[in-house]
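Coordinate inspection notes
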Amino acid sequence: MLFNKFIIVIAVLIWFILIVTALLAPFLTPFDPKVGSLGDRLKPPCWQNGGSSAHILGTDLLGRDVLSRLIYGARISLLVCMLAIVVAGCIGSLLGIISGYLGGWVDIIIMRVVDLALSLPVILLALLFGVLFGPSFSNIILIISLVLWSQYARMARGETLKIKGRDYVDLARTAGCSDASIMWRHILPNVAGSLIILATLQVGTVIIIESSLSFLGVGIPPPTPSWGSMIAEGRSYIVSAWWLCMIPGLAILFTVLSVNVLGDSLTELLNPALRREYVS
Amino acid sequence: MQRYISRRLIQMIIALFLMSVIVFLLGRLTGDPVSMLLSQYSTEEDRVRITEQLGLNKPVLEQYGIFLFNALKGDLGKSVAGDNRPALALILERFPASLKLALVALIISTLIGIPLGVLSAVRRGSFLDALARLIALLGQSLPAFWLGIVLMYFFSVKLRLLPTSGYGGVRHFILPAATMGLFTVAAVTRLSRSSMLEVLDSEYIKLARIKGVSEAIVIWKHALRNSLIPVITFMGSFFATMITGAVVIETVFSWPGIGRLAYESILNRDFPVMQAVILFMTSLYILANLIVDILYAWVDPRIRYTNE
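Some thoughts on the domain arrangement of chain B
Here chain B is described as being made up of domain 1 (2-72) and domain 2 (94-268). Taken over C-alpha atoms, the centre of domain 1 of chain B sits 37 Å from the centre of domain 2 of chain B.

A word on unusual backbone geometry
Trans peptide bonds make up most of the peptide bonds, and negative phi angles are found at most residues other than glycine. Positive phi, close to 50°, is recorded for Ser254 of chain B, a residue that is not glycine. As for its placement among the helices and strands, Ser254 of chain B is situated in the loop between helix H11 (247-252) and helix H12 (258-267).

Quick look at the confidence of the model for chain A
All names here are of chain A. Looking at chain A, the pLDDT average stands at 82 and 95% of residues meet or exceed 70. The weakest mean pLDDT in chain A belongs to helix H2 (residues 25-28) at 75; the strongest belongs to helix H3 (residues 66-102) at 89. Scored below 50 in pLDDT, residues 273-280 shows eight contacts in the model against residues more than four places distant or in partner chains.

Some points on the interface of chain A and chain B
Contacts between the two partners involve 29 residues from chain A and, on the opposite side, 33 residues from chain B. Those elements giving two or more residues to the side of chain A that touches chain B turn out to be helix H4 (104-118), helix H5 (122-133), helix H8 (179-216), helix H9 (227-235) and helix H10 (243-269) of chain A. It is H10 of chain A that contributes the most residues to the side of chain A that touches chain B, seven residues altogether.

As for the nonpolar core
Ranked by size, the top nonpolar core spans 140 residues in total, and within it Ala84, Ala126, Leu127, Ile144 and Ile231 of chain A together with Ala262 and Val277 of chain B carry the most contacts. No other element matches H3 of chain A, which puts 17 residues into this core. Those residues in contact with Ile231 of chain A, other than ones at most four positions away along the chain, are Phe215, Cys245, Pro248 and Gly249 of chain A together with Phe145, Trp146 and Ile149 of chain B.

What to know about the environment of Ser98 of chain B
If you trace the backbone, Ser98 of chain B turns up in helix H5 (residues 87-122). Once the C-alpha coordinates of Ser98 of chain B and Val247 of chain B are considered, the two residues, 149 residues apart in sequence, prove to be 9.6 Å apart.

Thresholds, definitions, all that
Residues numbered from 1 in each chain as written. Chains lettered and ligands numbered in written order. Predicted model: local features only at pLDDT ≥ 70, side-chain atom pairs only at ≥ 80, totals over all residues. Domains from an automatic or database assignment. Helix = DSSP H or I, 4+ residues; strand = E, 2+ residues; numbered from the N terminus. pLDDT = per-residue confidence, 0-100. Contact = placed C-beta atoms within 7 Å. Core = buried A, V, L, I, M, F, W, Y, C linked by C-beta atoms within 7 Å. Buried ≥ 20, exposed ≤ 12 C-beta atoms within 10 Å, placed from the backbone.

Structure, rendered in structure tokens:
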């Protein structure tokens, strides 16, 4: 349907804008996102009464420009998200491939740990770790990775098991390749495809987890802007200053919506039937 | 079947055991609980006295043993923030609220989600299909806390139709249940749709059609029953997720449930309550998953044998 293609194009556009603004944040923000002028508190966005074109999306309770905070928040959220997924993905995939390829008691131990990790409630654990280890940029990445890695491990192991019995693996082993080099050169490239799909599908979830944690106060610490904490701060002012809650929320919504649309199209596109194997 | 059950039971006990160790250790890893109880006027004697009273001067292993022993007896410690009530009593007091909210959301998701998902699969490409896919997408993409705030803003503040927070009559349920409901409906719709699509594609359905069975019976009698199996079993584990993941929604609506209790106790460093709530919630979660797995294996024999 033409409508579908239209939606996908919009999603790509949104993400393109997002990434560009996140990268160029220091050049795009008219005001400092962390410091505000108290004389300008709680100004509405420019299309309302009392708003000015100086602050297009208004200011928050400390006089900080909402647009600047939004742009910086995008940068932070995307950064946290990407790093968390990369960390979780690398560790999880590594463990999964090792577990699947080596089998035996290594497999059993790793899978028990993965089962345990998967059986624990996500937000609760993230909350617990967040409060105990204190909110900070690196802690958030570690925490989100901690609750995420097991999914990669499970998928990596499943895919590894499928590939383990293939001819080229046997040939490599006969030729004398070590386990490590087989895993690196033969298993990994073929497993990577589905892992990358998993990663793209998780981006939205991670963004929501990060903003939920920031909302609860255990995510990115103030004054660094994060969309979640912006919403939390704006909550007390929702009656008088609705834009403080609405705008970051809409930002989260459209970001996650776009990535989910793209992710869904990607999975439809990259059906297993179309995947090519790398027999190096 | 029995081998499967005993295997899963052992796994569950190990998981619970490990969870208790993790909770216990985490609580003690960060910050000294005694310092938090003392004020600036306390003397060294007070410190020693409280340390002994709480049993914190014993070796860690012994502390853990005492913790475990008491936990199995039902004594999960007393709250150190405020009124010294036993932690278990606090949990049991707040649990019904979370349970009711989760039940309401579950009922909504069943009544709306399953028909929507099934019809979306049966009539692909129709308006209903598009609507179902839209709802599923929105449920995945909306942050729960924001939706709660937005709904609260429109219905409580602007329209003054519903109360913003608190726990009481039916009116108090509507907004939190609607918020939670959207996410559960989205998940159930998605699952029942994909499950129905898979079933409709299977051999026995094709055979039924070839046999000449009417399309209506094919769909509503044969396909539907088979597609519902994974959905119903999923909802079991999802129920536990709803209760444990309701932290955010309960915080937004000031709902007196265990999610908010967990959040508050963690923030207040209310040690014993925090341990107790986390243990309780994870046990619930693990137990629910176990029941669901067993149910699934009972209904679908293939699961028992492939899950080596």
